[in-house]
Amino acid sequence: MSGEIMGAFRTERRAAAVIGGIGLALALVHALHVVGHDKPPLATLVGGVFPLVLSLVIVYAGYWTARSESNRAYVDRLVQWTALGGVGMGALVGTIAIHQYLSGHLPEDAAFQLATAATGGALGGFLIGVYDARMRRRSDRIRSLQRATGEFVVAETKRDVCEQVVQFAASELDMPLTGAWLYDETTDALEPVAITDEGRDTFDDSPTYEGGDSLTWDAFESGDVRVYADVRDHPNRYNPETIVGSEIVVSLGSHGVLNIGSRETDAFDDVDVSTAELLASATSAVLDRTEREAQLRAKREALETQNERLDEFASIVSHDLRNPLTIAQGNLELAAEECNSNALEEIELAHRRMETLITDLLQLARAGKTIDETDRVSLQSAATRAWQMVAADEATLAIEPSSVELEADERRLNQLLENVFRNAIDHGGPAVTVRVTALEGEAGFAVEDDGPGIPPADRDRVFDSGYTTRENGTGLGLVTVQRIAEAHGWSVDVTDGEDGGARFEIRTSPSAD
């Protein structure tokens, strides 16, 4: 049949009328055959009664089509298959009858044989149509779910995800009584977060489920899909007066559950159940992503707050402390012009110490700030610039990696190298030799010197704030190195150099361990 003709059968009532009409017409033929049959009882049973029963089954199939909600969108397929099955088998037997007629041996009950073949073909076609409709329904739902998943992922909150999911279930999956409950750790309960429009119209309110008091909690606790053909008969139902006839409860993992209900009993078939499982799986995945993004946003906000506090601290260090120090130094110079005292020298040393502390504290505060943007930076160029800022006249710098580049904040990398170089000069003496090399087999670089090195017992402490072996040291230089490395996502370790000095290894990618 053409598509235009089949368009008339797109409502279940019309389709039911056609299928039932086919069955009724065949039943009348078989009834006449039974009444007029003058053969032995067994022949009458096989040739007349049995086909009559099959035709009445087709009549019931028409009734079932009208009552079945699951195949509403596919009733045209049922009509097509039923008609094609009947016509096909009828045509096959009709061909045999024509051959018999042409050869002069046409049986007297050939018409009834043709009706029997059409009956079997129509019933078989209807069953094939049911299977075809179910497969198409399953396939269509999967495609709809795949399209919808792309829309779910743009939701920013769990509540938004659940709202989109329940509305999709109502509009695309023909599941108008769908709701989502999410687990709340603070109350140890499943809280309602989304329900379809029909669900809100049907129920006065959405309950909160607590442990052991409902079928919903049972499904959440087990992590399984639960299907209830008749909720009213289940002793553990939440509401003894519930109007829900049947229900599918699907776990959303640790997030909560998805409830899909119907006023009718035994309303869900295997396609509905498998669709609910796929929908729950997709929802759980999106909720996982939403939760991770919420955690990342919270972490980012915390880091931004930390940066603001570090900026505030740096402002205090650079302004509120330096200003009174500058005033004190000025007054000290005036006092030195009026009198000569060893106490004034001690005050000047204290001022210098304070200036060093302020500088190191300012560097440490800036070192801990998160890094938003990076560039490709030549290690050779960065090391050369850093050396110019700290080197003594007699010290020597050797840079071996001429082509190594790092993804880094250039200013902060310079600061890291300056502090490592300064540490080498402070402990190795003014004539120390410092080498910058690339790590072998790993992403990163090393800075080592030929000074006295760091004893193994002290290596775990050199990055502790305030730890120093120098009388006038602040103990903040290597802490700053570590903070800068961590801000980049790098790691820094200390070991022995080839000439016995200290070797600092900065790895710019996670270790394979």
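Per chain, residues are indexed from 1 in the order of the written sequence. pLDDT decides what is reported in this predicted model: residues at 70 or higher carry local features, side-chain atom pairs at 80 or more are listed and counted, and totals for whole chains, interfaces and linings draw on all residues regardless. Where side-chain values are given, they derive from all heavy atoms of the structure, hydrogens and water being excluded.

A. Summary view of unusual backbone geometry. Here Asp188, not a glycine, exhibits a phi torsion of approximately 50°, which is positive. Here Asp188 is to be found in the loop between β1 (177–184) and β2 (189–195). By relative accessible area, which is 43% here, Asp188 ends up partly exposed. Residues other than glycine seldom take positive phi values, yet Asp266 does so here, at roughly 50°. In this text, helices come from DSSP runs of H or I with a minimum length of four residues, and strands from runs of E with a minimum of two, each type numbered from the N-terminal end. Mapped onto the fold, Asp266 is located in the loop between β6 (256–262) and α9 (270–338). Accessibility here uses a 1.4 Å probe with only protein chains present; expressed as a share of the type maximum, an area under 20% marks a residue as buried, one over 50% as exposed, and anything in between as partly exposed.

B. Region of interest: the sheet that holds β1. Here, any two strands with at least 2 DSSP bridges between them count as paired. Pairing in this open sheet of six strands is antiparallel, and the strands run β3-β2-β1-β6-β5-β4 from one edge to the other. Looking along the sheet, the strands with just one partner apiece sit at the ends: β3 (209–210) and β4 (225–228). Contact between two residues is taken to exist if any of their heavy atoms lie within 4.5 Å; hydrogens are not considered. Here, axes are lines fitted to C-alpha atoms. For helices the fit covers the stretch in contact, and angles between N-to-C directions go from 0 to 180 degrees. Strands in contact with helix α6 (residues 158–172) are β1, β2 and β6; relative to β2, the strand with the most contacts, it is inclined by about 55°.

C. Region of the structure containing the sheet that holds strand β10 (residues 433–438). With mixed pairing, the five strands of this open sheet are ordered in space as β8-β10-β11-β13-β12. Of all strands in the sheet, those bounded by a partner on one side alone are β8 (396–399) and β12 (491–496). Pairs of neighbouring strands in the sheet enclose a mean axial angle of 15°, with direction left out of account. Sheet topology places strand β11 (residues 444–449) next to strand β13 (residues 502–507); five bridges connect them, and they run antiparallel.

D. View of the pattern of salt bridges. Think of a salt bridge as a Lys or Arg side-chain nitrogen and an Asp or Glu carboxyl oxygen that are within 4 Å of each other. By the definition in use, this model includes 23 salt bridges. One salt bridge in this structure joins Arg289 and Glu293, with 2.7 Å as the shortest N-O distance. Placement of both Arg289 and Glu293 in helix α9 is noted, with a separation of four residues, approximately one turn of the helix. Assessed through its relative accessible area of 15%, Arg289 is described here as buried. Given a relative accessible area of 32%, Glu293 falls into the partly exposed group. A network of salt bridges, in which partner residues are shared, links Glu400, Arg435, Glu442, Glu448, Asp493, Glu498, Arg503, Glu505 and Arg507.

E. Expanded view of the packing of aromatic side chains. Stacked, tilted and edge-to-face are the three classes assigned to paired rings of Phe, Tyr and Trp, where Trp is represented by its six-membered ring and a pair needs centres within 6.5 Å; plane angles under 30 degrees give stacked, over 60 edge-to-face, the rest tilted. For the structure shown, the criterion picks out eight aromatic pairs. Ring centres 6.0 Å apart and planes at 85° place the aromatic pair Trp64 and Phe126 in the edge-to-face group. Here Trp64 is found in helix α3 (residues 41–67), whereas its partner Phe126 is found in helix α5 (residues 110–152), with 62 residues between them in sequence. Chaining the aromatic ring pairs together yields one cluster made of Trp181, Tyr209 and Tyr238.

F. Structural context of the pairing of β2. Within β2, five of the seven residues are buried, which leaves the element mostly enclosed by the surrounding structure. The pairing of β1 with β2 spans six bridges and is classified as antiparallel. In the sheet register, Ala180 faces β2, and the bridge partner there is Ala194. The turn linking β1 back onto β2 is made up of four residues, and Asp188 within it adopts a positive phi angle of 50°.

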